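Examination of the molecular architecture
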Amino acid sequence: MTVVAGLARRASRARNATTRSAPKGNGNVNGKRILLIIGGGIAAYKCLELIRRLRERGAAVRVVLTRAATEFVTPLSVGALTNERVLTSLFDLSDEQEIGHIRLSREADLLVVAPATADLLARMAGGHADDLATTVLLATDKPVLAVPAMNPHMWTHAATRRNVARLAADGIEFLGPNEGEMAEGGEVGLGRMAEPHEILAAIAERLGGASGASAALAGRRVVVTSGPTHEPIDPVRYIANRSSGKQGHAIATAAAAMGAETVMVSGPTNLTDPAGVATVHVETAREMLEAVEAALPADVVVCAAAVADWRVADAAGSKIKKSKGKPVPKLDLVQNPDILRTVAELDAKRPPLVIGFAAETDNVVANAKKKLRTKGCDWIVANDVSAGTGVMGGDRNSVHLVTAKGVEDWPRMSKDEVARRLMERISKGVAKLRGAK
Ligand SMILES: Cc1cc2nc3c(=O)[nH]c(=O)nc-3n(C[C@H](O)[C@H](O)[C@H](O)COP(=O)(O)O)c2cc1C
């Protein structure tokens, strides 16, 4: 089985030696044992959320902290989340009759190194065993997933490239890094650690097939649109919007986690393609519509992308030049295709459940109700994206689910939680359709 693509498409094409194809299939982590090795990077804090999510899903998590990692997260907080003693030193283990580093390295189903620092990767590539983390990694006979995080210059440095290539050849699997803003200094580039939900999906993918509650959408096909569209003005300029794709990607991740065969059509984002999701990358609204139509038939379509309403009528074939005395160019806009309405108005190929998103700044619910009528879709998920809500690009959302039956106001929650709740509702909706068949 191929494991864990994880790299932003453009970046991976350009610079990464460990690109893998996005994994097929889904899985769950219930009853699995994860040994999480946390390295000394600023992204270590994200591991607290990862542990919480793993435990919530029934996984047992043991944690080894490198000495440097203890500068970023405390054994106390990690231990409180894992409900296990946190291990920091090779020599601590000799006091513990029950467990030695060999046993520790072998009793897990999967070892996850996150953040995999440049230093830790170098020591792993060199076969070092000078602390508990590296000793366990050298002694293990279990699969190892490394989730790198570092400054973009460290990631592209020839030494790190060599170490990553060496480790990939040794069978270490990689997830990420993502492209985006670094926590320190606002630098932007390839080096951001994959998000907890991406790591969770990769772990679930690595550890087995969908079952039980996670298979509620098994046998169903779900198409999700995500991100913004870019509408060209000329070959270097475009009209865009502030959508990050976080909500759409979270919905696709949640659909795959529930066993659905999931296709995501995404505009340009800085996010990793979700594990277990067939991702189609597009730029414009017209390309997005074409890709959605090609992905049909489906049981459910969720249009979460922020599709540009307009495009430039005649995008220039070469860069529009600025020159003294020349008037400022005027942009003639024309209407883009309406993807939600087009899908909702299909005849034979109309998916049984068509769901749109309404990003509104005023009269959120009233506008969403109107959109439900005019677009002919089944549900609208309305969110307030006005300045100050932090929804566009942020990690949290507060939405209203508008259906023919009425309006549900959901409390403010993470976009992942919105996605999970929405997919649970969708699985119930689909079960009714199944009953009606
Ligand atoms: C504030 C701060 C942030 C750091 N962030 C990272 C990081 O994100 N990635 C990385 O490779 N190293 C980072 N480092 C450097 C590592 O902490 C250092 O290389 C350390 O030796 C790593 O040890 P470990 O690999 O045993 O955990 C950071 C250092 C500091 C002081």
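Summary of the structure given here. All figures in this text were calculated on a predicted structure; none of them were measured in a lab.

1. A look at the sheet that holds strand 4 (residues 144–148)
Across the sheet, five strands lie side by side as 2-1-3-4-5; this open sheet has parallel pairing. Because the sheet does not close on itself, it has two edges, and the strands there are strand 2 (60–65) and strand 5 (173–174). In the sheet, strand 3 (residues 110–116) pairs with strand 4 via four bridges, with the strands oriented parallel. Paired with Val113 across the strands is Ala146, a residue of strand 4.

2. Side note on the packing of helix 2 (residues 46–56) against helix 3 (residues 75–82)
For any two helices packed against each other, one specifies the inter-axial angle together with the distance between the axes. One can describe the packing of helix 2 onto helix 3 by two numbers: an axis separation of 9 Å at closest approach and a directional angle of 15°. Classified by the angle their axes make, helix 2 and helix 3 are roughly parallel. Between helix 2 and helix 3 the crossing geometry is right-handed. In contact with Leu48, Ile51, Arg52 and Arg55 of helix 2, helix 3 contributes Ser77, Val78, Leu81 and Thr82. A class-by-class count of the residues in the contact of helix 2 with helix 3 yields four nonpolar, two polar and two charged.

3. Some remarks on helix 10 (residues 246–257)
Look at helix 10: 16 Å from first C-alpha to last across twelve residues, which is about the 16 Å you get at 1.5 Å a residue. In terms of burial, helix 10 is largely enclosed, as twelve of its twelve residues are buried. At the exit of helix 10 stands Gly259, carrying a positive phi of roughly 95°.

4. What about unusual backbone geometry?
For the bond from Gly176 to Pro177, the omega torsion is 5°, close enough to zero to count as cis. In this model, Leu296 is joined to Pro297 through a cis peptide bond whose omega is 5°. Along the chain, Pro297 falls in the loop between helix 11 (285–295) and strand 13 (300–303). Positive phi values are uncommon outside glycine, yet Asn83 reaches one of about 65°. Following the sequence through the fold, Asn83 ends up in the loop between helix 3 and helix 4 (101–106). Look at Asn83 and you get exposed, because 10 C-beta atoms sit within 10 Å.

Calculation rules
- Residues numbered from 1 in each chain as written.
- Predicted model: local features only at pLDDT ≥ 70, side-chain atom pairs only at ≥ 80, totals over all residues.
- Pairing = 2+ DSSP bridges.
- Helix = DSSP H or I, 4+ residues; strand = E, 2+ residues; numbered from the N terminus.
- Axes fitted to C-alpha atoms, helices over the stretch in contact; angles between N-to-C directions.
- Parallel < 35°, antiparallel > 145°, perpendicular 65-115°, else oblique.
- Left-handed = near helix turned anticlockwise from the far one by under 90°.
- Contact = placed C-beta atoms within 7 Å.
- Nonpolar A, V, L, I, M, F, W, Y, C, P; charged D, E, K, R; others polar.
- Expected span 1.5 Å × (residues − 1).
- Buried ≥ 20, exposed ≤ 12 C-beta atoms within 10 Å, placed from the backbone.

Fair warning: the whole summary comes from geometry, so function is off the table for now.
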